[in-house]
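Coordinate analysis (summary)
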Amino acid sequence: MMISTKGRYALRVMLDLADHNSGNYIPLKDIAQRQEISVKYLENILASLSRAGLVDAIRGKGGGYRLCRDPQDYAAGEIIRLAEGNLATVACLKGDQKGCEKAHHCRALPLWQGLDRVVYEYLDGISLANLQNMEEA
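Quick notes on the rules
- Residues numbered from 1 in each chain as written.
- Predicted model: local features only at pLDDT ≥ 70, side-chain atom pairs only at ≥ 80, totals over all residues.
- Heavy atoms only, no water.
- Helix = DSSP H or I, 4+ residues; strand = E, 2+ residues; numbered from the N terminus.
- Buried < 20%, exposed > 50% of the residue type's maximum accessible area, 1.4 Å probe, protein only.
- Contact = heavy atoms within 4.5 Å.
- Lys, Arg positive; Asp, Glu negative; His and termini not counted.
- Charge placed at Lys NZ, Arg CZ, Asp CG, Glu CD.
- Polar contact = N/O pair within 3.5 Å; in protein donor to acceptor, adjacent residues only side chain to side chain.
- Phe/Tyr/Trp six-rings, centres within 6.5 Å; stacked < 30°, edge-to-face > 60°.
- Lys NZ or Arg CZ within 6 Å of the ring centre and 35° of its normal.

**Let's talk about the overall build of the protein**
- The secondary structure content of the protein amounts to 6 helices and 2 strands.
- What you see in the protein, going N to C, is helices and strands ordered as α-α-α-β-β-α-α-α.
- Taking the principal axes of its C-alpha atoms as reference, the protein extends roughly 60 × 30 × 25 Å.
- The buried share of the protein, taken over its 137 residues, is 38%.
- The long-range fraction of contacts in the protein, counting pairs at least 24 apart against all pairs at least 6 apart in sequence, stands at 66%.
- Distance from the positive charge centre (17 side chains) to the negative charge centre (17 side chains) of the protein: 6 Å.

**Remarks on the environment of E36**
- By secondary structure assignment, the location of E36 is in the loop between α2 (28-35) and α3 (39-51).
- In this structure, the C-alpha to C-alpha distance between E36 and K6, residues 30 residues apart in sequence, is 14 Å.

**So, the environment of S4**
- Counting through the fold element by element, S4 comes out in the segment before α1 (5-19).
- Taking the C-alpha atoms as reference points, S4 and E84, separated by 80 residues in sequence, lie 7.2 Å from one another.
- A distance of 2.5 Å separates polar atoms of two side chains, one belonging to S4 and the other to E84.

**Some words on unusual backbone geometry**
- In this structure, E36 is a non-glycine residue whose phi angle is positive, near 55 degrees.
- Look at E36 and you get exposed, because its relative accessible area is 71%.

**Some words on the packing of aromatic side chains**
- Inspection of every chain in the model, using the stated rule, returns 1 aromatic pair.
- On the basis of an interplanar angle of 70 degrees and a centroid distance of 5.6 Å, the ring pair of Y9 and Y41 is categorised as edge-to-face. With Y9 in helix α1 and Y41 in helix α3, this pair connects stretches of sequence that are 32 residues apart.
- Sitting above the plane of the Y74 ring, R69 keeps its charged end 4.2 Å from the centroid.

Here you go:
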């Protein structure tokens, strides 16, 4: 599994919003400048986060973005899955079907399912607040 730039940037943006979480809206250009991400690319990421209800957005003067919840209420896995779409470690676990025509006799399937479970549990067990504290430590 490889987390794309979009997934990494989504997590960075959410951490930036958590770090500057004063209740005020943070202008897009400020986030882009701090994170060294192009405004255009960041607009796409924040639009997805806003549509999913992870951030509030206001346009115009005094507008920008802010978190909808406290940093401890956001799991890293939630953010990364939103940006990536699917975090399955192997192709046969992707999608709603979860499996392939060989799944009923695939002796390796339990390994892949276990790996996915560990990855999801790990990412879902770390909040933005945890990441903020890790950085400070």
